[in-house]
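# Structural description and commentary
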There are 2 protein chains.
Amino acid sequence: MTKQRALLLSIFRSELCKGQHRTADELLALARERMPGISRATVYNNLRSMEEEGLIRRITADGGADFYDSSFVLHGHLICTVCRRISDVEVPTLLDDLKKLSGVDVDSYELKLRYVCDECKAENRAV
Amino acid sequence: MTKQRALLLSIFRSELCKGQHRTADELLALARERMPGISRATVYNNLRSMEEEGLIRRITADGGADFYDSSFVLHGHLICTVCRRISDVEVPTLLDDLKKLSGVDVDSYELKLRYVCDECKAENRAV
DNA sequence: TGTTTTTTTGGACTCAATCTAAATTTATTA
DNA sequence: TAATAAATTTAGATTGAGTCCAAAAAAACA
């Protein structure tokens, strides 16, 4: 356990990441506020190992940077196709449902739901 | 409608892509077999416009190149976490189920199911 | 404490994808 | 059909996220 890794873990546990979806770049910036010299490679190294250990989840979006998510509960993501904002959606029975429906012993899933959020609908923004 | 675009469409409609998931690079190589001078940028241009028109779907995998899929039926993807191979899985009621479960008017979904395929299980390969 | 192992670091590098601006092709209209 | 306008193709440059590398530093171990 290094100082750098401890810092990243504390950032994930803090309000800065509660219910948020951060990119590696954002996390690097947050880390540098408290440890200015921390290297980009270190952030990537730790994000990878933390993902492998199951501490965080990586969300590969459609182009652009990946997001990281500290929630432990398996859940899907609602993505507004207009403003690109992401929010969580929990579907408690989904993993079991998917195992039954697919007939495969699924380990985990990644689910993105595309929709137009209420704000964008209200403002009638184009897709 | 240009020759290049017609070629790409015919490749997608052919056996070369039936039930397959091709990367832009693979599609470029297939296109160059019949039109050696075709440019990489043209392939990307057309893939993008065809995706916007809903003719094909783009699958952003976890790192590495995106895949393209010519199937019109909304479906999920089974991804083996060992050998990385992708196959399709159809869950006919899923869109409706997700609308109900999430309480949101979902337009479409992207679903990736992680598992270990039979072959990799049989050969006991590590994750 | 001394030794071994792991991690960090910064910069180089990779790779997919996009951008650019000129040339070409296709579509339009007269 | 010719003239013009609009869209597409092209090669190469560029971007940007992420990885790799080898040396330095830090952590773990005995």
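Just above sits the structure.
Here is a short report on the structure shown in this document. (Residues numbered from 1 in each chain as written. Chains lettered and ligands numbered in written order. Predicted model: local features only at pLDDT ≥ 70, side-chain atom pairs only at ≥ 80, totals over all residues. Heavy atoms only, no water.)

### Examining the relation of the copies chain B and chain A
Superposition record for chain B on chain A: RMSD 0.3 Å, screw rotation 180 degrees, translation along axis 0.1 Å. The operation mapping one copy onto its partner corresponds to a two-fold rotation axis. Among all C-alpha atoms of chain B, that of B:Leu111 lies closest to the rotation axis, at 2.2 Å. When the interface residues of chain B are mapped onto chain A, 100% of them are again interface residues, pointing to one common binding face. (Least-squares fit on C-alpha atoms with pLDDT ≥ 70 in both. Contact = heavy atoms within 4.5 Å.)

### Re the protein's contact with DNA strand D
Taken together, 19 residues lie near DNA strand D, and A:Tyr44, A:Asp66, B:Thr2, B:Gln4 and B:Thr42 sit nearest. Taking the atoms of DNA strand D that fall within 4 Å of the protein, sugar and phosphate contribute 82% of them. In the model, a sugar or linking oxygen of DNA strand D is placed 3.0 Å from a nitrogen or oxygen of the B:Gln4 side chain. Contact between DNA strand D and B:Ser39: a phosphate oxygen at 3.1 Å from a main-chain N or O atom of the residue. Looking at the surface near DNA strand D, the elements that each hand over two or more residues are α3 (40-52) of chain A together with α1 (3-13) and α3 (40-52) of chain B. With four residues, α3(B) is the largest single contributor of residues to the surface near DNA strand D. (Near = heavy atom within 4 Å. Polar contact = N/O pair within 3.5 Å; in protein donor to acceptor, adjacent residues only side chain to side chain. Helix = DSSP H or I, 4+ residues; strand = E, 2+ residues; numbered from the N terminus.)

### Here's the deal with helix α1 (residues 3-13) of chain A
The complete set of buried residues in α1(A) reads A:Arg5, A:Leu7, A:Leu8, A:Leu9, A:Ile11 and A:Phe12. Buried residues along α1(A) sit in contact with α2 (24-34), α3 and β3 (67-69) of chain A. (Buried < 20%, exposed > 50% of the residue type's maximum accessible area, 1.4 Å probe, protein only.)

### Quick look at the protein's contact with DNA strand C
Every one of the 18 residues lining DNA strand C counts as a neighbour, but A:Thr2, A:Gln4, A:Thr42, B:Tyr44 and B:Asp66 are closest to it. Atoms of DNA strand C within 4 Å of the protein: sugar and phosphate make up 80%, bases the balance. At 3.2 Å from a phosphate oxygen of DNA strand C is found a main-chain nitrogen or oxygen belonging to A:Ser39. Between DNA strand C and B:Tyr44, the relevant distance is 2.9 Å, taken from a phosphate oxygen to a side-chain nitrogen or oxygen of the residue. Listing elements by their share of the surface near DNA strand C, those giving two or more residues are α1 and α3 of chain A together with α3 of chain B. The biggest single contributor to the surface near DNA strand C is α3(A), with four residues. By residue class, the composition of the surface near DNA strand C is six nonpolar, seven polar and five charged. (Nonpolar A, V, L, I, M, F, W, Y, C, P; charged D, E, K, R; others polar.)

### Focus: the nonpolar core
Of all hydrophobic cores here, the largest spans 32 residues; its most connected members are A:Leu94, A:Leu111, A:Leu113, B:Leu94, B:Tyr109, B:Leu111 and B:Leu113. The set of elements that each furnish at least two residues to this core consists of β4 (76-80), α4 (94-102) and β6 (108-115) of chain A together with β4 (76-80), α4 (94-102) and β6 (108-115) of chain B. When residues no more than four places from it in sequence are discounted, the contact partners of A:Leu111 are A:Gly76, A:His77, A:Leu94, B:Leu98, B:Tyr109, B:Glu110 and B:Leu111. Core analysis: the next-biggest nonpolar cluster, separate from the first, contains 18 residues, A:Leu7, A:Leu30, A:Ala31 and A:Ile56 among them. (Core = buried A, V, L, I, M, F, W, Y, C linked by side-chain atoms within 4.5 Å.)

### Details of the packing of helix α2 (residues 24-34) of chain B against α3(B)
Residues and elements named next belong to chain B. It is at 10 Å that the axes of α2 and α3 come closest, and there the two elements cross at 115 degrees. Considering only the axes of α2 and α3, their crossing is right-handed. Where α2 abuts α3, its residues Ala 24, Asp 25, Leu 27, Leu 28 and Arg 32 lie against Arg 40, Val 43, Tyr 44 and Leu 47. Of the residues assigned to the contact of α2 with α3, the class counts are six nonpolar, no polar and three charged. (Axes fitted to C-alpha atoms, helices over the stretch in contact; angles between N-to-C directions. Left-handed = near helix turned anticlockwise from the far one by under 90°.)

Purely geometric stuff here, so don't read any function into it on its own.
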